Structure formats: structure tokens, C-alpha cells
Amino acid sequence: MKEKYKLIVLVLASYDYEVYKKLRKVQLEYYNLNPDVRVFMVYGDIPPENPGENDLVFNDIEENYYPGMITKTIRAMEYIEENYDYDFLFYYIVIIIHQ
């Protein structure tokens, strides 16, 4: 039987810049506070150093805008569909412009 959540959130993420590493630390403090909500960070071939239960890592997908982002989205949705029941699925992309 699949685990059931009211909401599953997919966060398309990257781990290739220091700013993303800092953002990850902040985000992890808030994940799974509500038992009806499950959040996953979705990574390609640049995963965090110590992936955890909130990380979906697809090492065969290159971290890039195209086709990487759409490929990560599709694969993550397939994973969720196979492993969880949910009422709503939401996803967003973390893009930080820096110089």
C-alpha cells in the first residue's frame, strides 16, 4: 500500500553553487512539519553531498535548463506516481540569479 499525502511538493533543485547549498539548509528545517505534506528536492547529476529522505537524485540526468529540468520533472512525477498516493501535486523551480 502506498503512503498517502494531501500534498506532495517537488522542488527542482541544484547543488552546484554555494547559494543553493545555503538555501537547502534553510528549506530542510521546514520540510515534513505537516504530516499531510511531503516535500522532495529533485536533483540531476550534481546531488547534495549527503542525500536524505527528501531528495530524489537522478544521476543520469545532466543539470541544465534544457532538457535537464523537464527530464527531472517527468522522472520525479513518475516516481511519485509509482510510490505515493496524493490529492495534489505541486512543483516549483529554484532559480537564483547571481553574479
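Above this text sits the structure in question.
Residues numbered from 1 in each chain as written. Predicted model: local features only at pLDDT ≥ 70, side-chain atom pairs only at ≥ 80, totals over all residues. Heavy atoms only, no water.

Caption draft 1: Molecular detail of the overall build of the chain. When its secondary structure is counted, the chain shows 2 helices and 4 strands. Secondary structure elements in the chain, listed N-terminal to C-terminal, are β-α-β-β-α-β. Within the chain, the proportion of its 99 residues that are buried is 35%. Expressed as a percentage of contacts within the chain between residues at least 6 apart in sequence, the contacts between residues at least 24 apart total 63%. Working note: accessible area of the chain is about 6,500 Å², and carbon and sulfur atoms make up 54% of it. Averaging the positions of the 10 positive and the 17 negative side-chain charges in the chain gives two centres separated by 4 Å. (Helix = DSSP H or I, 4+ residues; strand = E, 2+ residues; numbered from the N terminus. Buried < 20%, exposed > 50% of the residue type's maximum accessible area, 1.4 Å probe, protein only. Contact = heavy atoms within 4.5 Å. Areas by Shrake-Rupley, 256 points an atom, 1.4 Å probe, with all protein chains shown as cover. Lys, Arg positive; Asp, Glu negative; His and termini not counted. Charge placed at Lys NZ, Arg CZ, Asp CG, Glu CD.)

Caption draft 2: The arrangement of the sheet that holds strand β1 (residues 3-12) in detail. Spatially, the 4 strands line up as an open sheet ordered β3-β2-β1-β4, and their pairing is parallel. Single-partner strands in this sheet number two, and they are β3 (55-57) and β4 (84-93). Between one strand axis and the next, the sheet turns through 25° on average, direction left out of account. Sitting on the sheet, helix α1 (residues 18-30) touches β1, β2 (37-43), β3 and β4, and the angle it makes with β2 is about 165°. Packed onto the sheet, helix α2 (residues 68-83) meets β1, β2, β3 and β4 and runs at close to 165° relative to β4. (Pairing = 2+ DSSP bridges. Axes fitted to C-alpha atoms, helices over the stretch in contact; angles between N-to-C directions.)

Caption draft 3: Representation of unusual backbone geometry within the structure. That bond from Tyr66 to Pro67 is cis: its omega, 5°, falls within 30 degrees of zero. As for its position among the elements, Pro67 is in the loop between β3 and α2. Even without a glycine there, the phi angle at Asn32 is positive, about 65°. For Asn32, a relative accessible area of 30% gives the class partly exposed.

Caption draft 4: Examining the pattern of salt bridges more closely. Using the criterion set out here, one finds 5 salt bridges in the structure. Linking Asp87 and Lys4 is a salt bridge whose minimum nitrogen-to-oxygen distance equals 2.5 Å. Here the residue Asp87 occupies a position in strand β4, and Lys4 occupies one in strand β1, the gap between them amounting to 83 residues. The exposure class assigned to Lys4 is partly exposed, which follows from its relative accessible area of 47%. (Salt bridge = Lys/Arg side-chain N within 4 Å of Asp/Glu carboxyl O.)

Note that every value here comes from positions in space, so none of it alone points to a role or purpose.
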